[in-house]
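Survey of secondary and tertiary structure
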Amino acid sequence: GASKETYLSFKQLQHLLKTQAVEEEKEKAERQKTDQNAQKLEEERKKVSELEKQVQDLQSTMATLKAGGGGGGLPPPSGGGGGLPPPPGGGGLPAPAPIPGGGGLPAPVPAAAAAPDEYAKFRKMLKMNIPKPAVLNKMKQSGVSQSVMQKFELTGKLPDPPAGGATAAPVPAAASKPDGLDKFRKMIKMNIPKAAVVNKMKQSGIDTAIIQKYELTGQLPAGGGGGAAPAPVPGGGGGLPPPIPPKAAAPTFTKEEELKLTKYKKM
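Structure report, in brief.

About the thresholds
Residues numbered from 1 in each chain as written. Predicted model: local features only at pLDDT ≥ 70, side-chain atom pairs only at ≥ 80, totals over all residues. Heavy atoms only, no water. Core = buried A, V, L, I, M, F, W, Y, C linked by side-chain atoms within 4.5 Å. Buried < 20%, exposed > 50% of the residue type's maximum accessible area, 1.4 Å probe, protein only. Helix = DSSP H or I, 4+ residues; strand = E, 2+ residues; numbered from the N terminus. Contact = heavy atoms within 4.5 Å. Salt bridge = Lys/Arg side-chain N within 4 Å of Asp/Glu carboxyl O.

1. Structural notes on the nonpolar core
Formed by 13 residues in total, the largest nonpolar core has its most connected members in Tyr119, Phe122, Val135, Met139, Val144, Phe152 and Leu158. Of all the elements in the fold, those that place two or more residues in this core are helix 2 (120–127), helix 3 (132–141) and helix 4 (146–155). Sorting elements by how many residues they give to this core places helix 3 first, with four residues. With near-sequence residues (within four places) excluded, Val144 lies in contact with Tyr119, Phe122, Met139 and Met149. Of all hydrophobic cores here, the second largest spans twelve residues; its members include Met187, Ile192, Val197 and Val198.

2. Regarding the pattern of salt bridges
Scanning the entire structure with this criterion turns up one salt bridge. The salt bridge involving Asp182 is made with Arg185; its shortest N-O contact spans 2.8 Å. Placement of both Asp182 and Arg185 in helix 5 (residues 182–189) is noted, with a separation of three residues, approximately one turn of the helix. Side by side, Asp182 and Arg185 carry an identical accessibility label, which is buried.

Printed below as a string of structure tokens:
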């Protein structure tokens, strides 16, 4: 028999074309959505990579600060003094010493003790040009209030020291003991190389903190071998002239040390 051919009507053909167009639109929308998701995922990966880099930088900075000890490379003295020696007297000022040979003058009235400055060690760190991050790190370790730290971080200034109320008491008269550094001061004046001076200081058993400070700054602590001048008399001292401080004794070297110094000087 003859085969029957089926033909689609116009409406059926139109419906079929519309269905194909809708499916193509869906596929296109799915592809766009997949591309957008891939782009977002790549952006998130970049953000995560940047955050990881920032974390590594922060860890490196913290490791540097810890290695520096919060004191600009200077070793902290025993007792946790923040990299600086504690102020003499432990806060309050000592009473004035009696005047030698006062000749019947009345005893001086002791001055009122001034309130201790809790930021004194940080002021000394700033005078020594210690970097601000190291000072802030030491302030955090010492439990300084956040308001003071924020003000210092913004302005670079610390609160004013407390007022003493009364006149500061004079320093008591006491003969200062030789610090044992005179011969090294003489070596520096003779332009002996720093390495030779440091080696000699180590052989002489000088404090490690003093040696490291000299290696960093090239200077020794101020001091002398002679006795200190007597304390000034409060209220004028009855017109007596101030005593003349004795001269510091010149440092002495052995013959062996003199030969070594001459050899270093020729280097």
